[in-house]
Structures are given as C-alpha cells and as structure tokens.
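Chain by chain, the residues:
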Amino acid sequence: TMTTQIRCLISAGPTREWIDPVRFISNPSSGKMGYALAEEAVSRGFEVYLVSGPVSLQPPTGAEVIKVESAQEMQEAMFRLFDQASLVIMAAAVSDHRPSHCSRQKIKKSDFPNSLELVPNNDVVASLVGGRRPGQTIVGFAAETENLLEHARQKLEAKDLDWIAANDVSSDEHGFQSDFNDVTLLSKSEETIPLGRKSKSEIAKKILDYVWP
C-alpha cells in the first residue's frame, strides 16, 4: 500500500543582500550542512523541499530545490512550503540585515559611501514558528563563536523551537566552509546531546536520528 510521504522542509546556505549590481553583503556559509540533511532525509523516504541560497553544490537527487538569493526571498519560499511540512530544519545562514537601498547601477568607487545604512531583515525562523501547527517538529541552527550552548539555549527558547543544533564556528577546523561540523543538539525538554566533531553527512544522520526517531 502507498503511504503518504512525510514532507521535510530544509533551508540551506547563505543569503545575499545586494548593495548594487556587483556588490552584496553575505556570509561564508557553504550550504554543505543543509544539503547533507536533505540527502539524508531523501534516503530516509521523506519528500524533501530544499530552499537554498547561492551555493556551489550539486542539488541532492530526489529533493525539490527552490533557489533563492535574499533573506526576503528565502522567507517567502519557506512561508509557501511551511504549512505542508511535518519536519522543518532551518540550516540556512540568513543575513540579519540588508542595505536600506540597492543602487540600480554600479556605484563608482569615488562615490561609494564610507558607511552603509542597513535595515534589519525579518527574523525568518521566528516569523515561521509563529504560524506553526500541532505536530510540526521545528529544528533551528545557531552558529556561534563564543558561549555556544548558552546562546543556543536562549535562541531555542526565544524562538520556541523543538530542537536547536548549536554549531561552533570559532575554528577553521570545522564550521562554515569545512566538510566537518562540531555540533551539540539541544532540545525543548532540556536535553544536551554533544554530537562531536564529525563529517557533515554523519552529523546529518545523527540529527535526524534524534529529531525524527
């Protein structure tokens, strides 16, 4: 008999906030963690939707990939798919701010301002979780350089997440560009589960073992 596939929605990679046609504000997220989660979710039989910022990775076979650039585009795509998803994993590194103005033409070097005016982007995670329905499991990520667990726990509680993967990005040995991650999983019910330093595909397996047993 055909069972309905469980839908899993994952966000991955960085966002780009354009200043002019040739410059943007971004971050070093490679998307590898989110893509590893998508591959693992596909292999476990989920129907996977992957909302991806600009990365240079092969799209995971069997996942539906929705490409976005800015935080606003990522939010729109996530909103569109959120309600249908039973498991939502937000692994993207979304820019907190964007330039208040994007120039239609390249700004000449001599005209480039000494300071850029930035405006805050919506908090994608918080705005999605506000509309959650019963039975949804929502997992966030916290990339921190200090006080990792304390900051992650605050984020878990403030955003009403079920789980948060606290990701130590203070070292070049793992984190943003690397194939490795050093992750501790924290749960709403106060569990603290160190997954240790492992490849991102191993971390993806472990995360799914815990959040969707």
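One can find the structure itself at the top, above this paragraph.
Parameters at a glance
Numbering of residues starts from 1 in every chain and runs along the sequence as written. Only residues with pLDDT of 70 or above have their local features reported here, since the model is predicted, and side-chain atom pairs are shown and tallied only from 80 upward, although totals for entire chains, interfaces and linings are computed over all residues. Only heavy atoms go into the side-chain values, all of them from the structure, while hydrogens and water stay out. Here a strand is any run of E in DSSP of at least two residues, a helix any run of H or I of at least four, and the numbering for each starts at the N terminus. Each residue is assigned to one of three classes by its accessible area relative to the maximum for its type, calculated with a 1.4 Å probe on protein chains only: buried under 20%, partly exposed between the two thresholds, exposed over 50%. For this analysis, a nonpolar core means a set of buried residues of the types Ala, Val, Leu, Ile, Met, Phe, Trp, Tyr and Cys, connected via side-chain atoms within 4.5 Å. The criterion for an aromatic pair is that two Phe, Tyr or Trp rings (for Trp, the six-membered ring) have centres within 6.5 Å, with stacked assigned to planes under 30 degrees apart, edge-to-face to planes over 60 apart and tilted to the rest. To estimate how far a helix should extend, the number of its residues minus one is multiplied by 1.5 Å. Each direction from the helix axis to a C-beta atom contributes to the arc, which is the arc of those directions. Any pair of residues with heavy atoms lying within 4.5 Å of one another is described as a contacting pair. One side-chain nitrogen of Lys or Arg within 4 Å of one carboxyl oxygen of Asp or Glu is enough to make a salt bridge.

A. Fine view of unusual backbone geometry. In this structure, Asn 147 is a non-glycine residue whose phi angle is positive, near 45 degrees. Along the chain, the position of Asn 147 falls in the loop between strand 9 (137–144) and helix 4 (148–158). Given the relative accessible area of 45%, Asn 147 is considered partly exposed. The phi dihedral of Glu 190 falls on the positive side, at around 75 degrees, and the residue is not glycine. Tracing the sequence through the fold places Glu 190 in the loop between strand 11 (180–187) and strand 12 (192–199). For Glu 190, a relative accessible area of 56% translates into the label exposed.

B. Spotlight on the nonpolar core. Membership of the largest hydrophobic core comes to 29 residues, with the highest contact counts inside it found for Ile 10, Leu 37, Val 48, Leu 87, Ile 89, Phe 141 and Ile 207. Counting residues per element, this core draws most heavily on helix 1 (residues 32–43), which supplies 6 residues. Counting residues in hydrophobic clusters, the runner-up holds 27 residues, among them Leu 128, Val 129, Ala 166 and Leu 186.

C. Layout of the packing of aromatic side chains. Overall, the coordinates contain 3 aromatic pairs when judged by the stated rule. The interplanar angle of 75 degrees and the centroid separation of 4.9 Å between the aromatic rings of Trp 18 and Phe 24 together place this pair among those described as edge-to-face. Ring centres of Trp 163 and Tyr 210 lie 6.5 Å apart, and the angle between their planes is 50 degrees; this geometry places the pair in the tilted category. In this pair, Trp 163 is assigned in strand 10 (residues 163–168) and Tyr 210 in helix 5 (residues 200–211), connecting sequence segments 47 residues apart. With relative accessibility at 11%, the residue Trp 163 sits in the buried group.

D. Broad picture of helix 2 (residues 71–82). Taking 1.5 Å of rise per residue, the 12 residues of helix 2 would be expected to cover 16 Å, and the 16 Å separating its terminal C-alpha atoms lies within 8% of that figure. Listed as buried for helix 2 are Ala 71, Met 74, Gln 75, Ala 77, Met 78, Leu 81 and Phe 82. For helix 2, the arc enclosing every buried residue in end-on projection is 165 degrees, short of the 170-degree limit, so these residues lie on one face. Facing away from the buried side of helix 2, by more than 90 degrees, are the exposed residues Glu 76 and Arg 80.

E. A look at the environment of Ile 19. Looking at the secondary structure, you find Ile 19 in strand 2 (residues 17–20). For the pair Ile 19 and Pro 99, spaced 80 residues apart in sequence, the C-alpha separation works out to 6.1 Å. Those residues in contact with Ile 19, other than ones at most four positions away along the chain, are Phe 24, Ile 25, Pro 99, His 101, Cys 102, Ser 103, Ile 107, Phe 112 and Leu 116.

F. Spotlight on the pattern of salt bridges. Evaluated as defined, the whole model comprises 13 salt bridges. Among the ionic pairs, Glu 69 bridges to Arg 16, the shortest N-O distance being 3.8 Å. In this pair, Glu 69 is assigned in the loop between strand 5 (64–67) and helix 2 and Arg 16 in the loop between strand 1 (7–12) and strand 2, connecting sequence segments 53 residues apart. Its relative accessible area of 27% is what places Glu 69 among the partly exposed residues.

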